[in-house]
Amino acid sequence: MKALILVGGFGTRLRPLTLILPKPLVDFANKPMILYQIEALKSIGVTEVILAINYQPEAMVRFLKDYESKLGIKITCSQETEPLGTVGPLAVAKDKLIDESDGPFFVLNSDVICKFPLEKMIEFHKAHGGEASIMVTKADEPSKYGVVVMEETTGKVERFVEKPKAFVSNKINAGIYLLNPSVLDRIELKPTSIEREVFPKITADQKLYAMVLRGFWMDIGQPRDYITGLELYLNTLRNKATSKLSSGSHIRGNVLIDEIAVIEDGCTFGPDVAVGPECVVEARATLSHCTVMRGARINKQACISNCTIGWNTVGQGACIENMIILGEEMYVFDKTACNGCVPSS
Ligand code: GDD
Ligand code: MG
């Protein structure tokens, strides 16, 4: 079985992190977000993952070479010469997607995180006999997503509306699809949106079915949702017997600290903090609701809340809060206070 991951978006909402790294390679809970998906696909027997690339291809190709052997799964690239939206890339990869069995293939948005019940999705797909299955979940702000109206008992989709202006339903497209090869016959090689152009047509033919996803889900492609996603994800780790979460008197709630991070005395972490590999957190720093990405340095007595710190330094006694995202080579000077802004580099 094969799968395609859409990795070609510009990731503008996670800038400046995505200025030097494609969004799928940005760390989430201490590893690149796309790895959660590739590992889930591998675990249910997917043999080849095709990355539909458009933006920063070199970084993706480097990643792919590294992880193909580490993960033991074939990872190939399908490169667009212009952005083809969320379904044009399937036309480019058409020949790669169909295997000898002529069976269905998975398509995933690269920025969604959940428990990936892909086995259940295959069973659901076989049982309804339609042309395409999508996973749906409930959202508080449905207008940010593709919205679905469905027959509750069968899952048959009655309406699919991408980012509706008026309220339609609170069930939203979770960005995980299982498609029959016949869907490829509906697609042209041009910039096209699967949500605006393809799903409404399959819906009109009564061949689109939705499976309700149980448990947590988040699109982590926006600053606030990235932080909320971390909270939800760490909570699922808490419920696992083999939890990797940190413990101790300096820890509040759920905190994930990589084993090769250096933590000095008197720091306070949590709730909902991830500290990546090779980070240094100096004495008496305080961190809550935040991610500190690999190699970052938090100097003495700095205080970080509701922020994402990528590969840089926060100066001594600096206090940064409220959705700040730091990219590469951005230094927060000693004793600086930043609230909801991006300091210049
Ligand atoms: N190859 C390629 N080429 N990939 C692309 C392109 C492109 O031109 N444009 C976007 N993508 C990829 C992104 O990298 C991402 O993995 C996926 O397509 C979806 O794009 P987003 O930009 O993240 O879309 P969204 O979050 O606004 O909305 C989508 O996801 C929601 C769930 O998170 C839609 O599918 C919604 O219907 C859905 O609810
Ligand atoms: Mg998204």
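Residue positions are counted from 1 within each chain, in the order its sequence is given. Chain A is the first chain written and ligand 1 is the first ligand written, with later ones labelled in order. Given that this is a predicted model, residues contribute local features only at a pLDDT of at least 70 and side-chain atom pairs are listed and counted only at 80 or more, while totals for whole chains, interfaces and linings are drawn from all residues. In computing side-chain values, all of the structure's heavy atoms are included and hydrogens and water are not.

The name given to the protein chain in an unreviewed UniProt entry is mannose-1-phosphate guanylyltransferase, and the organism recorded there is Stephania japonica. UniProt positions are given in the numbering used here, feature names are shortened, and annotations may be inferred rather than shown by experiment. Turning to the protein chain, the UniProt record has this under Pathway (unreviewed entry): "Nucleotide-sugar biosynthesis; GDP-alpha-D-mannose biosynthesis; GDP-alpha-D-mannose from alpha-D-mannose 1-phosphate (GTP route): step 1/1." Heading Sequence similarities (unreviewed entry) of the UniProt record for the protein chain holds this comment: "Belongs to the transferase hexapeptide repeat family."

Caption draft 1: Expanded view of the coordination of the magnesium ion (ligand 2). For the magnesium ion (ligand 2), the full set of protein donor atoms is Asp111 (OD) and Asp219 (OD), and the range of their distances to it is 2.2 Å. With a gap of 108 residues between them, Asp111 in the loop between strand E6 (105-109) and strand E7 (112-114) and Asp219 in strand E13 (residues 217-219) connect regions that are remote in the sequence. Per-residue accessibility, obtained with a 1.4 Å probe over protein chains only, is compared with the maximum for each type, and a residue is labelled buried under 20%, exposed over 50%, and partly exposed between these values. In this structure Asp111 comes out as buried when scored by relative accessible area, which is 6%. Its relative accessible area of 15% is what places Asp219 among the buried residues. For Na, K and Ca the donor cut-off is 3.2 Å, while for other metals it is 2.8 Å, and in both cases only N, O and S atoms qualify; water is not among them, so sites may look incomplete. Each helix is a run of H or I in the DSSP string that is no shorter than four residues. Each strand is a run of E no shorter than two, and both are numbered from the N terminus.

Caption draft 2: Here's a closer look at the site of ligand 1. Close to ligand 1 lie 26 residues; Leu6, Glu80, Glu162, Glu195 and Asp219 are nearest. Nitrogen and oxygen atoms within 3.5 Å of one another constitute a polar contact, given that in protein one can donate a hydrogen and the other can accept it, and given that sequence-neighbouring residues count only through two side-chain atoms. Between ligand 1 and the protein, one listed contact pairs an oxygen atom with a backbone N or O atom of Leu84 at 3.2 Å. When the free accessible area of ligand 1 is taken as 740 Å², the share hidden by the protein chains comes to 91%. Among the residues forming the shell around ligand 1, the class breakdown is 10 nonpolar, eight polar and eight charged. If a single non-hydrogen atom of a residue is within 4 Å of a molecule or strand, that residue counts as near it. Method for areas: the Shrake-Rupley scheme with a 1.4 Å probe, in which residue coverage is limited to the protein chains shown. For this scheme, ten residues count as nonpolar: Ala, Val, Leu, Ile, Met, Phe, Trp, Tyr, Cys and Pro. Four count as charged, namely Asp, Glu, Lys and Arg, and the remainder, Gly too, count as polar.

Caption draft 3: Region of the structure containing the pairing of strand E19 (residues 286-292). When you tally the buried positions in E19, you get five out of seven residues, the bulk of the element. DSSP bridges decide pairing: two strands pair if at least two such bridges lie between them. Relative to E19, strand E16 (residues 268-269) runs parallel, the two sharing two bridges. From the neighbouring strand, Thr268 faces E19, where its bridge partner is Thr286. Both strand E17 (residues 273-275) and E19 contribute to a ladder of three bridges, which runs parallel. Of the residues in E19, the one forming a bridge with Ala274 is Thr291.

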